Amino acid sequence: MRRNKARLAGNGAPFPRAATQALLLVLFIYPSSIIIPIGTCIKDFRYIRKHVLYRNYLSDEVLNIMGYLVWTKDLDTGIGVIDGQHKRIVEYINKLHDARLTRDNKSIGDIIEDTIDYTMSHFSFEEALLEDAGYQFVRPHKKVHALFIRRVAEFQARYKAGEDVSEELHGLLARWLFNHIRNDDAAYVLAVKSTINSLTGDKGEGGWVARSFKKFFS
Ligand SMILES: [Fe+2]
Ligand SMILES: [Fe+2]
């Protein structure tokens, strides 16, 4: 929880929006690009451009019909522990949907905080898993998470300043999560599924999953 707060606090700057997006993104990602091989920068940038900048989000029309998010088979990654966490985030987003209908500001605020906190714990867990599995795009995947956290931090700041952002935030969370699972997360499963399975296969006390749960969710 404290770890997540620190991560949020460090990501409060505005998210780049216009035609300069790509340039700003590179500067944000690689302030020390001189020491990172240029080939790696290009590969990582291509990944982020594909997964973040030019993604087709679900239209608001479709989302309005959905309103309440429903888990569908195509969202399953096949990695049990990851699917469980993704489903839990969907539950939080649906709780936010319910809270919006009650117009109870206190519960909306609590759910926003819980959703962000749980999502950030999931990101840390997933990033550690990808690092240990040797996924070649772990760095840009982490940057994709970081960019999302920056956007959500903006919403949280606006909410704390008294603005009603719940509808807009609900839309962003729902669109982003489903797209991220179907594209970015599905991509790492394709690449390193067998290594992930062997890391997460041990369900015992001292296994990877138990140790990581303790580290990122307590
Ligand atoms: Fe992810
Ligand atoms: Fe994920």
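Residues numbered from 1 in each chain as written. Chains lettered and ligands numbered in written order. Predicted model: local features only at pLDDT ≥ 70, side-chain atom pairs only at ≥ 80, totals over all residues.

A.B. asks: Give a detailed account of the packing of helix α5 (residues 80-102) against helix α8 (residues 166-200), specifying residues and quantitative values.
C.D. replies: As a packed pair, α5 and α8 sit with axes 9 Å apart at the nearest point and diverge in direction by 175°. In terms of axis orientation, α5 runs roughly antiparallel to α8. Residue-level inspection shows Val-81, His-86, Ile-89, Ile-93, Leu-96, His-97 and Arg-100 of α5 in contact with α8, the latter providing Ser-166, Glu-167, His-170, Leu-173, Ala-174, Leu-177, Ile-181 and Thr-200. (Axes fitted to C-alpha atoms, helices over the stretch in contact; angles between N-to-C directions. Helix = DSSP H or I, 4+ residues; strand = E, 2+ residues; numbered from the N terminus. Parallel < 35°, antiparallel > 145°, perpendicular 65-115°, else oblique. Contact = placed C-beta atoms within 7 Å.)

A.B. asks: Give a description of the nonpolar core that names residues and reports values.
C.D. replies: Formed by 22 residues in total, the largest nonpolar core has its most connected members in Ile-93, Ile-112, Phe-148, Leu-173 and Leu-177. With sequence-adjacent residues up to four places away left out, Ile-93 is seen in contact with Leu-69, Thr-115, His-170, Leu-173, Ala-174 and Leu-177. Grouped together as the second largest cluster of nonpolar side chains are 10 residues, Leu-130, Ala-133, Val-138 and Tyr-188 included. (Core = buried A, V, L, I, M, F, W, Y, C linked by C-beta atoms within 7 Å. Buried ≥ 20, exposed ≤ 12 C-beta atoms within 10 Å, placed from the backbone.)

A.B. asks: Describe the packing of helix α7 (residues 138-160) against α8, with residues and values.
C.D. replies: Viewed as axis vectors pointing N to C, α7 and α8 meet at an angle of 175°, and their least axial separation amounts to 12 Å. Classed by the angle they form, the pair α7 and α8 counts as roughly antiparallel. Of the residues in α8, those touching α7 at His-141, Val-144, Phe-148, Arg-151 and Phe-155 are Glu-168, Leu-169, Leu-172, Trp-176, Asp-184 and Tyr-188. Within the contact of α7 with α8, the residues separate by chemical class into 7 nonpolar, 1 polar and 3 charged. (Nonpolar A, V, L, I, M, F, W, Y, C, P; charged D, E, K, R; others polar.)

A.B. asks: Mind laying out the environment of His-180, listing which residues take part and the relevant values?
C.D. replies: Locating His-180 in the fold gives a position in helix α8. Exposure remark for His-180: the 19 C-beta atoms within 10 Å place this residue in the partly exposed category.

A.B. asks: Break down α7 for me, with residues and values.
C.D. replies: A rise of 1.5 Å per residue sets the reference length of α7, with its 23 residues, at 33 Å; its end C-alpha atoms lie 32 Å apart and thus fit the reference within 8%. Along α7, the residues classified as buried are Val-138, Pro-140, His-141, Lys-143, Val-144, His-145, Leu-147, Phe-148, Ile-149 and Val-152. Where α7 ends, the next residue or the one after it, Gly-162, has phi of about 100°, a positive value. (Expected span 1.5 Å × (residues − 1).)

A.B. asks: Tell me about the confidence of the model for the chain, and name the residues and values.
C.D. replies: Averaged over every residue, the pLDDT of the chain is 83; residues scoring 70 or more account for 76%. The least confident element of the chain, judged by mean pLDDT, is helix α4 (residues 60-66) at 48; the most confident is helix α9 (residues 208-217) at 95. Contacts from residues 53-57, a stretch scored under 50 in pLDDT, to residues over four places away or in other chains number 7 contacts. (pLDDT = per-residue confidence, 0-100.)

A.B. asks: So what's going on with α5? Residues and values would help.
C.D. replies: Its 23 residues give α5 an end-to-end C-alpha distance of 33 Å, which sits within 8% of 33 Å, the value for a rise of 1.5 Å per residue. Buried residues of α5: Ile-82, Gln-85, His-86, Val-90, Ile-93, Leu-96 and Ala-99, and no others. Looking at the buried side of α5, the elements it contacts are α6 (105-133) and α8.

A.B. asks: Explain unusual backbone geometry residue by residue, including any values.
C.D. replies: The backbone of Arg-103 shows a phi angle near 55°, a positive value even though the residue is not glycine. Relative to the helices and strands, Arg-103 is located in the loop between α5 and α6.

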